[in-house]
Amino acid sequence: QTQLVESGGGLVQPGGSLRLSCAASGFSLGYYDISWLRQAPGKERERVSCISSSGGSTFYADSVKGRFTISRDKAKNTVYLQMNSLKPEDTAMYYCNARGSDDAGTVFSSWGRGIQVTVSS
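The rules behind the values
Residues numbered from 1 in each chain as written. Predicted model: local features only at pLDDT ≥ 70, side-chain atom pairs only at ≥ 80, totals over all residues. Heavy atoms only, no water. Helix = DSSP H or I, 4+ residues; strand = E, 2+ residues; numbered from the N terminus. Buried < 20%, exposed > 50% of the residue type's maximum accessible area, 1.4 Å probe, protein only. Contact = heavy atoms within 4.5 Å. Areas by Shrake-Rupley, 256 points an atom, 1.4 Å probe, with all protein chains shown as cover. Lys, Arg positive; Asp, Glu negative; His and termini not counted. Charge placed at Lys NZ, Arg CZ, Asp CG, Glu CD. Salt bridge = Lys/Arg side-chain N within 4 Å of Asp/Glu carboxyl O. Disulfide = S-S within 2.5 Å.

### Let's talk about the overall build of the chain
(1) Moving on: Along the chain, the regular secondary structure elements total zero helices and 11 strands.
(2) Moving on: The N-to-C order of helical and strand elements in the chain reads β-β-β-β-β-β-β-β-β-β-β.
(3) Moving on: Considered along the principal axes of its C-alpha atoms, the chain spans approximately 50 × 30 × 25 Å.
(4) Moving on: Scored against the burial criterion, the 121 residues of the chain give a buried share of 40%.
(5) Moving on: Partitioning the contacts of the chain with sequence separation of at least 6, the portion at a separation of at least 24 is 53%.
(6) Moving on: Approximately 6,700 Å² of the chain is accessible, and the part contributed by carbon and sulfur atoms is 46%.
(7) Moving on: The average position of the 13 basic charges and that of the 10 acidic charges among the side chains of the chain differ by 4 Å.

Shown next, in the form of structure tokens:
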């Protein structure tokens, strides 16, 4: 059974930091592009960061650029999202997504259940 599990969320004060982890079981994250997405109540889901399977290419939404860093540790089969200088606007449920395709064009997409990040005084 394939599974993604997010961890590391919680409550933090503005200006603080959190590190989210996305751990995979049952498959290797090394073959897939990984994204972190978030969704706050009443707002559309936003892709905040992505990292390529090789780790050589990254993407950050303008809203988090310069504050968040995505990385992967293939030996631990885990992807991280380091979140610094957190703002109340970062409050959301954060999801990890692994995505890839084979030579036949079949798309694989696996989602974690999400983890809450709350930035508040």
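### Let's talk about the pattern of salt bridges
Between side chains of opposite charge, a pair can form when the charged atoms approach closely.
(1) Moving on: Going through the model one piece at a time under the given rule, you end up with four salt bridges.
(2) Moving on: A salt bridge links Asp-62 to Lys-65, with the shortest nitrogen-to-oxygen separation between them at 3.2 Å.
(3) Moving on: Residue Arg-67 is joined to Asp-90 by a salt bridge in which the shortest nitrogen-to-oxygen separation is 2.8 Å. Of the two residues, Arg-67 sits in the loop between β6 (58-60) and β7 (68-73) while Asp-90 sits in the loop between β8 (78-83) and β9 (92-101), which places them 23 residues apart along the sequence.
(4) Moving on: We classify Arg-67 as buried; its relative accessible area is 11%.
(5) Moving on: Counted as one network, the salt bridges with shared partners bring together Arg-38, Glu-46, Arg-67 and Asp-90.

### What about the state of the cysteines?
(1) Moving on: According to the stated counting rule, one finds one disulfide in the structure shown.
(2) Moving on: The structure places no disulfide on Cys-50, whose sulfur is separated from the nearest cysteine sulfur, that of Cys-96, by 11 Å.

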